[in-house]
Amino acid sequence: MEQARFAHLCTVMSRMHHRREGYPFGSLVDFAPDAMGHPIFSFSPLAIHTRNLLADPRCTLVVQIPGWSCLSNARVTIFGDVYPLPEDQQEWAHKQYISKHQQGASQQWGNFYYFRMQNISDIYFIGGFGTVAWVDVKDYETLQPDKIAIDGGEQNLKELNAIFSKPLKDLLSREAEVDDAAIISVDSKGTDIRVRQGAQLNIQRISFEGGQSVETLEEAKAALWKLVNGGRLYNMEK
């Protein structure tokens, strides 16, 4: 949720759409989670999903891990109710939003308003094939994301891939031929790497050596160089 910038929002088509009423309507939106992990949105009143939510706030938000490319990648579905925020909370929401998006939609276009998923009723997580779980909402709301997951985001991944994509590919190729390796997420304990072998893609989890915990980009670089220079990958999971 912290690393993704975009998601698929599924709302219920309202009466104004006549024969389409009641059907699920999917749209691509940007969002930013607040301190409790509740998504904040910047919506135009002209958008179909905005009109749907004003008539029926029930929806789901499907969030994919950045770099998502196949069904072995992680994604989560958040069930909840989305409402427009009152006028006195619009500025607060704007600050939350632009902390993730350099320029908020309301700044760029003018006719946008902030909404929030005020109530989260369920969370369904898929970590890949055979890894599924219903997440307790209270547990989710009280969790604190890793510092490195918040700071830098996509820019951190670009920088890490520029340095480590080839060394990791070479290291992984010692076990089986690998055509490409790309870091798609990093957290305090390790990284997730998308590995391509011909037309086949899979995700491999690589833990930092000795359970090392990192908080900054520089610490992550040092931990990855330690793995690469040591010539072995720890706790590698597919």
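Look a little higher up for the structure.
I will try to describe carefully the structure that is included in this document. Not measured: the values here are computed from a predicted model. (Residues numbered from 1 in each chain as written. Predicted model: local features only at pLDDT ≥ 70, side-chain atom pairs only at ≥ 80, totals over all residues. Heavy atoms only, no water.)

Attention now moves to the overall build of the protein chain. Counting its secondary structure elements, the protein chain contains seven helices and 12 strands. Taking all 238 residues of the protein chain together, the buried fraction comes to 46%. For the protein chain, the computed accessible surface area is about 12800 Å², with 52% contributed by carbon and sulfur atoms. (Helix = DSSP H or I, 4+ residues; strand = E, 2+ residues; numbered from the N terminus. Buried < 20%, exposed > 50% of the residue type's maximum accessible area, 1.4 Å probe, protein only. Areas by Shrake-Rupley, 256 points an atom, 1.4 Å probe, with all protein chains shown as cover.)

A few words on the environment of Ser185. Inspection of the secondary structure assignment puts Ser185 in strand 9 (residues 180–186). Sequence spacing of Ser185 and Pro66 is 119 residues, and the spatial spacing of their C-alpha atoms is 7.2 Å. Apart from the residues lying within four places of it in its own chain, the contact partners of Ser185 are Gln3, Ile65, Leu157, Gly190, Thr191 and Asp192. A polar side-chain atom of Ser185 sits 2.7 Å from a polar atom in the side chain of Asp192. (Contact = heavy atoms within 4.5 Å. Polar contact = N/O pair within 3.5 Å; in protein donor to acceptor, adjacent residues only side chain to side chain.)

On to the pairing of strand 11 (residues 200–207). Counting buried positions along strand 11 yields six of eight residues, so the element is predominantly enclosed. Sheet topology note: the strand 10 (residues 190–197)/strand 11 ladder contains eight bridges and is antiparallel. When the bridges of strand 11 are listed, Gln197 appears paired with Gln200. Counting the residues between successive antiparallel strands, the hairpin from strand 10 to strand 11 contains two residues, one of them, Gly198, with a positive phi of roughly 65°. (Pairing = 2+ DSSP bridges.)

Moving on: the pattern of salt bridges. One pass over the structure, following the stated rule, counts eight salt bridges. Lys221 serves as the salt-bridge partner of Glu159, at 2.5 Å between the closest nitrogen and oxygen. Residue Glu159 is found in helix 6 (residues 154–172), and its partner Lys221 is found in helix 7 (residues 217–230); the two are separated by 62 residues along the sequence. Assessed through its relative accessible area of 28%, Glu159 is described here as partly exposed. With a relative accessible area of 12%, Lys221 lands in the buried category. (Salt bridge = Lys/Arg side-chain N within 4 Å of Asp/Glu carboxyl O.)

Once that is clear, we can look at the state of the cysteines. Counted under the stated rule, the structure contains zero disulfides. Not engaged in a disulfide, the cysteine Cys10 finds its nearest cysteine sulfur in Cys59; these two sulfurs lie 8.6 Å apart. The partly exposed category is assigned to Cys10, whose relative accessible area is 27%. (Disulfide = S-S within 2.5 Å.)

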